[in-house]
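Residue-level listing of the chains:
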Amino acid sequence: MALKTLSAKNAAALDKDLMSVGAFSIDQLMELAGLSVSQAVFRVHPLSRGRRILVACGPGNNGGDGLRLATQLRNLGVPFVDDFESAMTEADHVVDAIFGFSFSGEVREPFPAVIKALKETSLPVTSVDAPSSWSIEDGPPVSGPGNGFHPSTLVSLTAPKPLVKWFTGRHFIGGRFVSPDIAKKYNLELPAYEGIDQVVEVENIAIKL
Ligand SMILES: NC(=O)C1=CN([C@@H]2O[C@H](COP(=O)(O)OP(=O)(O)OC[C@H]3O[C@@H](n4cnc5c(N)ncnc54)[C@H](OP(=O)(O)O)[C@@H]3O)[C@@H](O)[C@H]2O)[C@H](O)CC1
Ligand SMILES: [K+]
């Protein structure tokens, strides 16, 4: 299946369209994005492999996809931690919701240590929309803490970004909120979601190592 990719600029423009002509609120989009991510994680990491899912949340909306409804989560007894590296020693799977399509340049403080920990862990890592620290257009960094970071799973929201050319793990498309009109405007091919699924697993379209 040849999937078309969406540049960072168009991904941001599409987001605006979803909230204007699409009449979605940002909260709704994040909620649906988070639901997609949870379904992808459940597929690649059945509960029999361990129930402790550590979600690393960054400062923007990518972090919001990972962290929603904090009060409700606390009420349900989901623990929140500040020390990411020591939390990793007790986790079974890590969700990378640190940076998405608005990331650019070199990783700034305080994030290099977190990216390094993601790179060095032997745990499976699911990245939300982009492996954090990768250039959205040009893929893995050739230097810095993200050099060598290759998550095992990627959930592309709405549509894959150009970086998927360098991604070799399991790849899902999620974010089942794009109307046919918006897809047409951005020349996207929407995947065939089945039933009530919020994600579709796809084959990698190109690999350049
Ligand atoms: N339609 C959809 O597909 C939806 C996608 N969603 C998710 O939203 C993200 C994009 O969210 P956005 O808030 O635009 O940005 P990010 O979360 O990717 O990142 C912004 C924050 O990252 C900081 N940043 C950027 N570069 C660096 C760097 N080199 N070092 C450190 N920090 C960096 C940035 O800080 P600034 O100081 O530069 O402002 C921001 O704090 C998308 O990928 C999806 O995951 C939504 O859920 C809605 C639907
Ligand atoms: K990410």
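Residues numbered from 1 in each chain as written. Chains lettered and ligands numbered in written order. Predicted model: local features only at pLDDT ≥ 70, side-chain atom pairs only at ≥ 80, totals over all residues.

Things to note about the overall build of the chain
In step 1: Along its length, the chain carries seven helices and six strands.
In step 2: Along its sequence from the N terminus, the chain presents helices and strands in the succession α-α-β-α-α-α-β-α-β-β-β-α-β.
In step 3: For 209 residues, the compact-globule estimate of 2.2 N^0.38 gives 17 Å, and the C-alpha radius of gyration of the chain, at 16 Å, lies within 12% of that figure.
In step 4: Within the chain, the fraction of its 209 residues that count as buried is 36%.
In step 5: A sequence separation of at least 24 residues applies to 77% of the contacts in the chain between residues at least 6 apart. (Helix = DSSP H or I, 4+ residues; strand = E, 2+ residues; numbered from the N terminus. Rg over C-alpha atoms; globule rule 2.2 N^0.38 Å. Buried ≥ 20, exposed ≤ 12 C-beta atoms within 10 Å, placed from the backbone. Contact = placed C-beta atoms within 7 Å.)

Concerning the site of ligand 1
In step 1: Near ligand 1 you find 29 residues, and of these Gly60, Asn61, Asn62, Gly100 and Ser102 are the closest.
In step 2: Every element with two or more residues in the shell around ligand 1 is listed here: α1 (8-19), α2 (26-44) and α3 (61-66).
In step 3: No other element matches the five residues that α3 contributes to the shell around ligand 1.
In step 4: Of the residues in the shell around ligand 1, the class split is twelve nonpolar, twelve polar and five charged. (Near = placed C-beta within 6 Å. Nonpolar A, V, L, I, M, F, W, Y, C, P; charged D, E, K, R; others polar.)

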